[in-house]
Amino acid sequence: MDYENAIEIKDLTKRYDGFTLDKVSFCVPKGSIMGFIGQNGAGKTTTINSLLGIVKPDEGDIKLLGMDVKEHGEEAKKEVAAIFDVLPFNDDLNAAQIGRMLKGIWEEWDDETFKKYMERFQLPLKKKAGDFSKGMKMKLQIAAALSHNAKLLIMDEATTGLDPVVRNEILDIFLEYLQDGERSILMSSHITSDLEHIADMVTFIDKGKLLISGVKDEILENYGMVKCGKEDFGDFAREDYIAARLTDFGAQLLVSDREATAKKHSGMLIEKTTLEEIMLYYVNRDKDSFH
Amino acid sequence: MKQLICRDLWLCRKRIAPYIVIVLLFLIPVSMVILSARFGNIAKYRGEGAAALLDSLESLGLFAGILVLCSIETVGSLNLSDHLSGWYQYLKASGMKSSRIVGQKYIDVAILLVISWLTGLLANALIGLLAGREAADVGLMSVVMGLMLIYLEYNILLGFATKGKRSDLMMILPILFILAAEIAFFGYGAGHKDFGKMLMDKIMRFMENRPLLYAVTLFAVVLFSVLNYSLSVYFFDREIKIKRKEENR
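Thresholds applied
- Residues numbered from 1 in each chain as written.
- Chains lettered and ligands numbered in written order.
- Predicted model: local features only at pLDDT ≥ 70, side-chain atom pairs only at ≥ 80, totals over all residues.
- Heavy atoms only, no water.
- Disulfide = S-S within 2.5 Å.
- Phe/Tyr/Trp six-rings, centres within 6.5 Å; stacked < 30°, edge-to-face > 60°.
- Helix = DSSP H or I, 4+ residues; strand = E, 2+ residues; numbered from the N terminus.
- Buried < 20%, exposed > 50% of the residue type's maximum accessible area, 1.4 Å probe, protein only.
- Lys NZ or Arg CZ within 6 Å of the ring centre and 35° of its normal.
- Pairing = 2+ DSSP bridges.
- Right-handed = clockwise from strand over helix to strand, strands pointing away.
- Domains from an automatic or database assignment.
- Contact = heavy atoms within 4.5 Å.
- Buried area = accessible area lost by both parts, 1.4 Å probe.
- Salt bridge = Lys/Arg side-chain N within 4 Å of Asp/Glu carboxyl O.
- Polar contact = N/O pair within 3.5 Å; in protein donor to acceptor, adjacent residues only side chain to side chain.

A. Representation of the state of the cysteines. Inspection of every chain in the model, using the stated rule, returns zero disulfides over all chains. Not part of a disulfide, B:Cys70 finds its nearest cysteine sulfur in B:Cys12, a span of 14 Å.

B. Fine view of the packing of aromatic side chains. For the coordinates displayed, the defined rule picks out 15 aromatic pairs over all chains. Seen from their ring centres, A:Trp106 and B:Tyr90 are 6.3 Å apart, and the 90° between their planes marks the pair as edge-to-face. Residue A:Trp106 is found in the loop between helix 3 (95-103) and helix 4 (111-120), and its partner B:Tyr90 is found in helix 6 (residues 87-93); the two belong to separate chains. When its relative accessible area of 5% is taken as the criterion, B:Tyr90 is described as buried. Through pairs of rings, three or more aromatic residues link up here, namely A:Phe89, A:Trp106, B:Trp87 and B:Tyr90. The positively charged end of B:Arg13 is found above the aromatic ring belonging to B:Trp10, 3.9 Å away from the centroid.

C. Region of interest: the pairing of strand 7 (residues 152-156) of chain A. Residue and element names in this part refer to chain A. Most of strand 7 sits out of view: five of its five residues are buried. Side chains of strand 7 alternate between two faces, with Leu152, Ile154 and Asp156 and Leu153 and Met155 buried alike. Taken together, the four bridges between strand 6 (residues 80-83) and strand 7 define a ladder with parallel strand orientation. Residue Ala81 lies in a different strand from strand 7, and its bridge partner there is Leu153. Where strand 7 meets strand 8 (residues 184-189), five bridges bridge the pair, whose relative direction is parallel. Considered in strand 8, the bridge of Leu153 is made with Ile185. Once you follow strand 7 into helix 6 (residues 164-177) and on to strand 8, the crossover reads as right-handed.

D. Just the sheet that holds strand 5 (residues 67-68) of chain A, in detail. Taken together, the four strands give an open sheet; going across it, the order is 2-1-4-5 (chain A), and neighbouring strands pair in antiparallel fashion. Two strands in the sheet have a free side with no partner beyond their single neighbour: strand 2 (19-29) and strand 5 of chain A.

E. How the structure looks around the domain arrangement of chain A. Residue and element names in this part refer to chain A. When cut into domains, chain A gives domain 1 (5-214) and domain 2 (223-283). Look at where the C-alpha atoms of domain 1 and domain 2 centre, and you get two points 35 Å apart. Taken together, the 13 residues of domain 1 in the interface contact eight residues of domain 2. Of the roughly 880 Å² buried at the junction of domain 1 and domain 2 (both faces included), carbon and sulfur atoms supply 76%. One can count zero salt bridges joining domain 1 with domain 2. The tally of links from domain 1 across to domain 2 stands at one residue pair in polar contact (both at pLDDT 80 or more). Residue assignment for the side of domain 1 that touches domain 2 shows that the elements contributing at least two residues are helix 7 (192-198), strand 9 (201-206) and strand 10 (209-215).

So this is what it looks like as structure tokens:
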């Protein structure tokens with residue numbers, strides 16, 4: 001089936017006691033990596049679980065690989081691989097047994113590909129998964145995910161808790177995975193440096209609401225950090241900035257349009273910002289230390 | 001499907017194995033006593049008492065089957081750990097239907113039921129052969145196994161109902177059953193002089209009516225199995241309220 005977006009989410013809503021995922025909408029274009037960013041409790045896992053059918057949304061439409069999940073959910077998921085933050089296979093099984101077991105789940109399971117990834121990751125086939133380190137377990141999960149010709153990888157905090165060397169290795173594998181332009185990745189994380197390194201698109205979510213969604217480079221190009229003295233801060237109208245942090249030495253303001261800010265407040269120092277700073281300023285904007 | 005069933009049985013093997021070992025440990029001395037009662041010292045020194053001993057031992061083979069049936073509790077334990085480890089989430093994410101995910105556990109139970117029934121049958125035949133007598137009637141063994149099966153399946157249902165989080169609730173049913181029996185006997189029965197005798201008479205008469213006993217047992221087993229399975233699928237799909245601190249990231 002031909003499709004433009006690997007994932008299309010429209011008005012996704014899920015209500016729990018004390019938390020609501022509120023009309024979240026975004027798309028992951030085919031062939032791209034979407035970084036899904038938010039602090040703990042923002043709603044990333046709820047969104048991903050809704051995509052994967054682990055929880056049933058209260059409202060909204062979801063399409064995976066061009067297929068509406070309500071009508072063709074099972075068919076769509078045959079080409080989707082999920083990677084979770086903990087290994088879901090029993091610790092008592094070794095990799096060879098896991099491979100045989102997954103053959104019973106995935107129609108397009110390729111044992112040779114699995115063994116090649118295991119060799120590449122230097123993971124022993126006969127060692128129990130419970131004896132693997134956290135990084136090895138993640139690599140095992142990735143090897144399994146890449147061995148059934150999935151067109152879409154959905155990852156929930158897959159790199160959390162891994163050391164930089166392992167994270168880097170995994171991110172390189174993902175870049176390789178996307179080479180043919182037919183595959184896509186949705187990757188949730190609060191490690192924004194990973195996403196700056198690898199993502200084409202980013203979506204920010206906070207307290208169940210979507211804040212930003214767009215091309216990463218454009219976001220980083222448009223957003224900026226204004227640094228000024230306290231007196232100059234008084235010249236800024238509230239709608240000119242997302243959040244501001246005042247210290248004894250001055251003020252730092254996150255702005256969503258550097259060009260417009262530069263025109264309105266000429267002479268101000270406006271620096272490039274990072275995804276981490278954007279996330280920090282957004283999530284802390286209601287706190288006392290921010291304005 | 002067969003790979004997943006192999007997975008389940010493989011993971012249960014360490015807990016099933018002790019039951020098999022116990023059965024062997026149990027059968028070996030029983031066999032030796034039987035042989036001694038027929039040909040050895042027991043036959044020599046006990047005379048007619050040896051025949052009475054053989055009478056009392058002839059049904060022991062049936063216990064082997066009942067014992068192995070207890071291994072089904074391992075499927076209940078695996079069910080709990082599959083919930084907690086995220087395995088069921090993985091299966092859901094793969095697009096596998098809930099009815100199939102749940103059904104697998106009940107197929108595991110059915111396989112262990114067949115294994116335990118065959119074990120009882122073989123042990124019973126062996127003891128009959130050694131004792132030089134006709135093998136004991138396996139019907140009663142089947143009845144006991146059927147009733148035990150209902151309880152063991154209830155544990156699996158409980159695992160699905162509580163998403164693996166409340167294994168302590170497994171003790172509720174036997175406790176409730178014992179309480180009900182005590183209330184019936186010591187409560188109601190205390191005020192009615194011959195209640196205990198009357199109850200036992202009724203039970204014995206029911207058990208002696210074998211066709212009725214087997215039919216009722218079979219009906220109960222099928223009914224409860226279908227009920228347990230249907231409720232398990234319902235609970236598997238039902239979302240429980242997740243506390244804020246555990247929840248969605």
